[in-house]
Amino acid sequence: MAKDNKAAVLKRLNRIEGQVRGIGKMITEDRYCIDILTQVSAVQSALDALALQLLEHHLHGCVQHAVRSGDGDQAIDEALTVIRKFAR
């Protein structure tokens, strides 16, 4: 992963981690359930966006390299397995 892309991914992950800690604090403070659920939904969306970013990087980097080097079938099968997990 390129250094600048890695920094952006880590920044995004740190933000998500803060959101999760915030949910814990909301629960500790007995906040309104709908407010907590709204934050859980936001975290799920953020994780989905992160996963798509990582998948895009993987396809354009790792899979593309594997195809060029003759190992494309295995890399494509592996990518499809992961994509199917997200399609559920």
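None of these values were measured; they are calculated from a predicted model.

Visitor: Help me understand the pattern of salt bridges, please; the structure alone is not making it clear to me.
Guide: Pairing between side chains of opposite charge can happen when their charged atoms approach one another. Scanning all chains against the criterion turns up 3 salt bridges. Of the charged contacts in the structure, one is a salt bridge between Glu17 and Arg21, with a shortest N-O distance of 3.2 Å. Here Arg21 and Glu17 lie together in helix 1 (residues 3-28), a separation of 4 residues that amounts to about one turn. On the accessibility criterion, Arg21 (54% relative accessible area) is exposed. Across the pair Lys25 and Glu29 runs a salt bridge, and its minimum N-O distance is 4.0 Å. You can call Lys25 exposed: its relative accessible area is 51%. Several salt bridges converge on common partners, so that one network encompasses Lys25, Glu29 and Arg31.

Visitor: Please clarify how the side chain of Asn5 should be interpreted in this entry.
Guide: For Asn5, the position within the fold is in helix 1. Look at Asn5 and you get buried, because its relative accessible area is 19%. For Asn5, the side chain forms a polar contact with the side chain of Gln53, separated by 3.5 Å.

Visitor: It is not clear to me how the environment of Lys25 should be interpreted in this structure. Could you clarify?
Guide: Structurally, the position occupied by Lys25 is in helix 1. Considered as a pair, Lys25 and Ile36 are 11 residues apart in the sequence and their alpha carbons are 9.8 Å apart.

Visitor: It is not clear to me how a nonpolar patch on the surface should be interpreted in this structure. Could you clarify?
Guide: A cluster of nonpolar side chains, namely Val67, Ile76, Leu80 and Ile83, defines an oily patch on the protein surface of about 290 Å² accessible area. Per-element tally for the nonpolar patch: the top contributor is helix 3 (residues 72-86), with 3 residues. Mapped onto the fold, Ile83 is located in helix 3. Judged by relative accessible area, which is 32%, Ile83 ranks as partly exposed.

Analysis parameters
Residues numbered from 1 in each chain as written. Predicted model: local features only at pLDDT ≥ 70, side-chain atom pairs only at ≥ 80, totals over all residues. Heavy atoms only, no water. Salt bridge = Lys/Arg side-chain N within 4 Å of Asp/Glu carboxyl O. Helix = DSSP H or I, 4+ residues; strand = E, 2+ residues; numbered from the N terminus. Buried < 20%, exposed > 50% of the residue type's maximum accessible area, 1.4 Å probe, protein only. Polar contact = N/O pair within 3.5 Å; in protein donor to acceptor, adjacent residues only side chain to side chain. Patch = residues over 30% accessible without salt bridge, like charges linked within 9 Å, V, L, I, M, F, W, Y side chains within 5 Å. Areas by Shrake-Rupley, 256 points an atom, 1.4 Å probe, with all protein chains shown as cover.

These results come straight from atomic positions and should not be treated as a statement about function.
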